[in-house]
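# Structure assessment
Chain residues, written in single-letter form:
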Amino acid sequence: KRQKATKKQSELLTVAKSSTHHPPLSFQTPAFARHFLTYFDTALGVPLPERSYAENCEFYTPDHPHSRFANILDALHDEFALAHTIGWWAKMLLLRDVYLCVFLSCMFEIWELTLQHQLPNFAECWWDHIILDILVCNNIGIIAGWFTCRYLLKVKEYNWSGLWATKKGKIISSFVPTDFDEFQWEMLSNWRRFVSVLLFCLAISLIELNAFYLKFVLWVPPPHPLNIGRLLLWLFMGLPAAREYYQFVVDPNCYRFGPQAWLCVCIFSMETLVSIKLGRGMFPMPFPDEVFYPWVVFLAVATVGLIAYFSLRATPATTADASSAAVSKRKKQRGNHGNSNTNNNNNNNQSTKQPPSGLRARKMAK
């Protein structure tokens, strides 16, 4: 095995050195990028076996010798089942909104259905998409994250900085947040908020998809420490970045991104460009008609519906805001007018008040 791996590495390095017809903006070829990863692990640099989860989609298997739901049990024992649960627990810590997490959970399954002609492991059975992923694994992670945010991270007596009494605990506590705020995205309140949250959801989807495309292009197995380390880095980077972006969205006095949000934008943009550049020629199959045309119809209907929704929502809101502003302005003017009248009356009373006579002043003094 070592001889085969060494031979494969030498072949890849030879191909990388002989490749001089790459575009001017590319820094390395796919072969050289795969060979570069062998410096981290010599077992890398080998093509991944194609694996599809849609080969046997029988929900009920009465003829199986061990279980009547053998296919479901096999899917639950896969590493992606645990990855779904832990991943959505982490996303709940990032987003802190149950409805948005459920929306993204369903959205990722739609991405899998859309891109399964490019990535074989996106092809899954119907019960794997709906029952195992959305209803079981993802919801367990979302509920666990909700309990973590609500009962573990939002308790007033829970002090991160004073939790550990040792010096080691103080060092650890300096890297964790002192408290967690609950996010209220309210993406349907106005069109600007909707566009901002939609861009945020697209960024999260790109980060998730890059994990699958990078491992497919660079030949990195799913349980490899490089993939796990990347996800952990995104968790710790995403916590402050999500908070900064949320502040940018909801605070009218905030006019710019925070530094951590900009850093995350640069990183996932670079990951996307690397996936596109190194994956050139690896996905020759075009989008099938049963995928392309439903997306076109959906985008057209959604665009028209959202324009109508926000137009109808903005009209009464604008009128109500204008009328309330006018009423408050009138009340303010009346209050100022009343205060001026009161002051004038007081001044008049003070000016017309007669000083006391001499006998009365002596009695008052006594």
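Here, every reference points to the structure presented above.
Here is a short report on the structure shown in this document. Predicted model only: the values in this text are computed from it and were never measured.

On to the side chain of Ser196. Tracing the backbone through its elements, the reader meets Ser196 in helix H8 (residues 191-218). Judged by relative accessible area, which is 19%, Ser196 ranks as buried. The residues contacting Ser196, other than those within four sequence positions of it, are Tyr245 and Val249.

Applying the stated criterion to the full structure yields 2 salt bridges. Glu208 serves as the salt-bridge partner of Lys91, at 2.9 Å between the closest nitrogen and oxygen. Pair noted here: Lys91 is in helix H4 (residues 79-95) and Glu208 is in helix H8, with a separation of 117 residues, a long-range link.

Attention now goes to the environment of Glu271. By secondary structure assignment, the location of Glu271 is in helix H10 (residues 259-278). Judged by its relative accessible area of 12%, Glu271 is buried. Linking Glu271 and Ile207, residues 64 residues apart in sequence, is a C-alpha distance of 8.1 Å. Excluding residues that lie within four positions of it along the chain, Glu271 makes contacts with Asn210, Leu214, Arg230 and Trp234. A polar contact is formed between the side chain of Glu271 and the side chain of Trp234, at a distance of 3.4 Å.

Here we come to the packing of H4 against H8. Taken N-terminus to C-terminus, the directions of H4 and H8 make an angle of 150°; their axes are 14 Å apart at the nearest point. Regarding the angle of H4 to H8, the classification is roughly antiparallel. Considering the relative orientation of H4 and H8, their crossing is right-handed. The residues of H8 that touch H4, namely those facing Phe80, Trp88, Lys91 and Leu95, are Phe200, Ile204, Glu208 and Phe212. Residues belonging to the contact of H4 with H8 are distributed by class as follows: 6 nonpolar, no polar and 2 charged.

Rules used throughout
Residues numbered from 1 in each chain as written. Predicted model: local features only at pLDDT ≥ 70, side-chain atom pairs only at ≥ 80, totals over all residues. Heavy atoms only, no water. Helix = DSSP H or I, 4+ residues; strand = E, 2+ residues; numbered from the N terminus. Buried < 20%, exposed > 50% of the residue type's maximum accessible area, 1.4 Å probe, protein only. Contact = heavy atoms within 4.5 Å. Salt bridge = Lys/Arg side-chain N within 4 Å of Asp/Glu carboxyl O. Polar contact = N/O pair within 3.5 Å; in protein donor to acceptor, adjacent residues only side chain to side chain. Axes fitted to C-alpha atoms, helices over the stretch in contact; angles between N-to-C directions. Parallel < 35°, antiparallel > 145°, perpendicular 65-115°, else oblique. Left-handed = near helix turned anticlockwise from the far one by under 90°. Nonpolar A, V, L, I, M, F, W, Y, C, P; charged D, E, K, R; others polar.

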